[in-house]
Amino acid sequence: MDGKIDVLLYGVGAIGSFYAFILNRVPSVRLTLVARSNYEAVKANGITLNSDIHGKHTFRPFKVVNNPTDVAGHYDYIVCVNKAINQDAVAKSLTPVVSDTTTIVLIQNGVGNEDPFRAQFPNCSILSCVTWVGATQTSPGIVTHIKSENTEIGLFPNSLLSPTLEATRLSDFTALLKAGNTKFVVEPNVQIRRWEKVVWNVAWNAITSLTQIDTQTWLHSSPDAIPLTKALMEEVIEVARKSGVPMRDGLVDELFTKILALPGVYTSMQKDVVARNPLEIDVILGVPVRKARELGVKIPVLEVIYTLVAAVDYGVREGKLFP
Ligand SMILES: *[C@@H]1O[C@H](CO)[C@@H](O)[C@H](O)[C@H]1NC(C)=O
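Residues numbered from 1 in each chain as written. Predicted model: local features only at pLDDT ≥ 70, side-chain atom pairs only at ≥ 80, totals over all residues. Heavy atoms only, no water.

A few words on the pattern of salt bridges. By the definition in use, this model includes 14 salt bridges. Aspartate 2 is the salt-bridge partner of arginine 30, the closest N and O atoms lying 2.7 Å from each other. In this pair, arginine 30 sits in strand 2 (residues 29-34) while aspartate 2 sits in the segment before strand 1 (5-10), placing the two residues 28 residues apart along the sequence. Here arginine 194 and glutamate 114 are joined by a salt bridge, their closest N and O atoms 3.9 Å apart. You can see arginine 194 sitting in helix 6 (residues 190-211) and its partner glutamate 114 sitting in helix 4 (residues 114-120), a full 80 residues away along the chain. (Salt bridge = Lys/Arg side-chain N within 4 Å of Asp/Glu carboxyl O. Helix = DSSP H or I, 4+ residues; strand = E, 2+ residues; numbered from the N terminus.)

Here it is as structure tokens:
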């Protein structure tokens, strides 16, 4: 009881390293990192962040471990910035570090990410975040952060807890983001933001992964490319609406204005295919497909795209992709 706020951050990839930097520079925070694939490098050398906005820093948090069981105890916040695969197993593995007064913060792509954590820890508050931080890990523990920076954050409300308590937990955490000097927006319904990003990711992650061409090349590839992409996005928006998430009109046009203004880009999923890493297919495509099936929403384009991406993911995991 020394008045420190104990934060455990799980997953120290590019985005995880960025948030580790933000939280580590808050004097009241005592930061523990769970590093997976880059554990040896982060343990030995700390993290180096080269940021266009925040400058160049090398820092060492309070502790770096490879497994939550190595640091069992009470944490005020568990911040999950890991790649969203095997979420059930990740939630279970956090049991030694979660108590009823722990708040779980999810900073991940996708939708439905909260469900395994709510099932495993029904008494905890969950803060759900959409990040717009642009960062890449150039070698283990070394991360470059380009200009983009924003966190959209809101509650994943827990009916067992009082709204006042939950609001306090949200504002206590955003106070840390503020003290760490990073931009954020508190969202009254963060599911809208999660689904908006999924509409974008379903299209661009899947298409760049399947075709291995960048977005601009795709858009110019045939007269059918744009209408097909728009149909795909509209299907995801319909699934969100039928799931009770009030998506705004005109979103597809907005997203098209945005993609047309960008140079041809690849996506995290396309990079995972190239690196032969498992894909974040479930939270980006699988959950919308399952919801559509439950709710009887017709998703002819999404069904095909999902099944093809599932085959690529299977090929990666089984080592069957053409070399
Ligand atoms: C949640 O809290 C209730 C009431 O305090 C308790 O009975 C229950 O065991 C807790 N559940 C878990 C999974 O910790």
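Read on, since the account is not over.
A few words now on the sheet that holds strand 3 (residues 47-51). Pairing within the open sheet is mixed, and its 4 strands lie in the order 4-3-10-9. Strand pairing shows two members of the sheet lacking a second neighbour, strand 4 (55-59) and strand 9 (135-139), which therefore form its edges. Pairs of neighbouring strands in the sheet enclose a mean axial angle of 20°, with direction left out of account. The pairing of strand 3 with strand 10 (residues 142-145) spans 4 bridges and is parallel. (Pairing = 2+ DSSP bridges. Axes fitted to C-alpha atoms, helices over the stretch in contact; angles between N-to-C directions.)

What follows covers the pairing of strand 11 (residues 151-156). Counting buried positions over the 6 residues of strand 11 gives 5, a clear majority of the element. Judged from the 6 bridges that link them, strand 8 (residues 125-131) and strand 11 form a sheet pairing that is antiparallel. In the sheet register, threonine 131 faces strand 11, and the bridge partner there is threonine 151. Bridge count between strand 11 and strand 12 (residues 184-186): 3 bridges; the pairing is parallel. By the bridge assignment for strand 12, isoleucine 153 is matched with valine 186. Handedness of the crossover joining strand 11 and strand 12 through helix 5 (residues 163-179): right-handed. (Buried < 20%, exposed > 50% of the residue type's maximum accessible area, 1.4 Å probe, protein only. Right-handed = clockwise from strand over helix to strand, strands pointing away.)

Every α-helical turn comprises 3.6 residues, leaving residues that sit three or four positions apart pointing alike. Listed in full, the buried residues belonging to helix 10 (residues 268-275) are Met269, Gln270, Asp272 and Val273. Here the buried residues of helix 10 occupy an arc of 155° about the axis, which is enough to place them on one side. Buried-residue contacts for helix 10 involve helix 6, helix 11 (281-295) and helix 12 (300-317). Directly after helix 10, the chain includes arginine 276, whose backbone phi takes a positive value near 60°. (Arc of directions from axis to C-beta. Contact = heavy atoms within 4.5 Å.)

In this model helix 11 runs 20 Å from its N-terminal to its C-terminal C-alpha over 15 residues, within 8% of the 21 Å that 1.5 Å per residue would give. In the structure, helix 11 departs most strongly from a straight axis at valine 287, where the bend amounts to approximately 30° and where the proline proline 288 lies between one and four residues downstream. For helix 11, the full list of buried residues reads Ile281, Val283, Ile284, Leu285, Gly286, Val287, Pro288, Val289 and Ala292. A positive backbone phi angle near 70° is found at glycine 296, which sits one or two residues after helix 11. (Expected span 1.5 Å × (residues − 1). Bend = angle between axes of the 7 residues up to and from the residue.)

Neighbouring the ligand are Asp100, Pro122 and Asn123. In this structure, asparagine 123 approaches the ligand through a side-chain N or O atom, which is 2.4 Å from an oxygen atom. Protein chains bury 27% of the 360 Å² of accessible surface belonging to the ligand in isolation. (Near = heavy atom within 4 Å. Polar contact = N/O pair within 3.5 Å; in protein donor to acceptor, adjacent residues only side chain to side chain. Areas by Shrake-Rupley, 256 points an atom, 1.4 Å probe, with all protein chains shown as cover.)

The subject of this paragraph is the UniProt feature "domain: Ketopantoate reductase C-terminal" (unreviewed entry) in the protein chain. Mapped onto the present numbering, the UniProt feature "domain: Ketopantoate reductase C-terminal" (unreviewed entry) falls on residues 190-312. When the span residues 190-312 is considered, its composition is 75% helix and 0% strand, and the gap between its end C-alpha atoms is 30 Å. (UniProt positions renumbered as here; feature names shortened; annotations may be inferred.)

In this section: the side chain of asparagine 150. Along the chain, asparagine 150 falls in the loop between strand 10 and strand 11. Judged by relative accessible area, asparagine 150 falls into the buried class, the value being 16%. Residues in contact with asparagine 150, not counting those within four places in the same chain, are Tyr19, Val130, Thr131, Trp132, Val133, Lys183, Phe184 and Val185.

A few words on the pairing of strand 2. With 5 of 6 residues buried, strand 2 is to be regarded as a mostly interior element. When strand 1 meets strand 2, the two strands line up parallel, connected through 6 bridges. From the neighbouring strand, aspartate 6 faces strand 2, where its bridge partner is arginine 30. Read from strand 1 through helix 1 (residues 14-24) to strand 2, the crossover connection turns out right-handed.

The subject of this paragraph is the domain arrangement of the protein chain. For the protein chain, the assigned domains read domain 1 (5-188) and domain 2 (191-318). Taken together, the 19 residues of domain 1 in the interface contact 18 residues of domain 2. Overall, the association of domain 1 and domain 2 removes approximately 1,600 Å² of surface from exposure, summing both partners, and the carbon and sulfur fraction of that is 53%. Area buried by domain 1 at its contact with domain 2 is led by Lys83, Asn109 and Val111, which between them contribute 40% of it. Across the contact surface, domain 1 and domain 2 share 12 residue pairs in polar contact (both at pLDDT 80 or more). Mapped onto the side of domain 1 that touches domain 2, the elements with two or more residues apiece are strand 8 and strand 11. At 4 residues, the largest contribution of residues to the side of domain 1 that touches domain 2 is made by strand 8. Across the side of domain 1 that touches domain 2, the residue classes tally to 8 nonpolar, 7 polar and 4 charged. (Domains from an automatic or database assignment. Buried area = accessible area lost by both parts, 1.4 Å probe. Nonpolar A, V, L, I, M, F, W, Y, C, P; charged D, E, K, R; others polar.)

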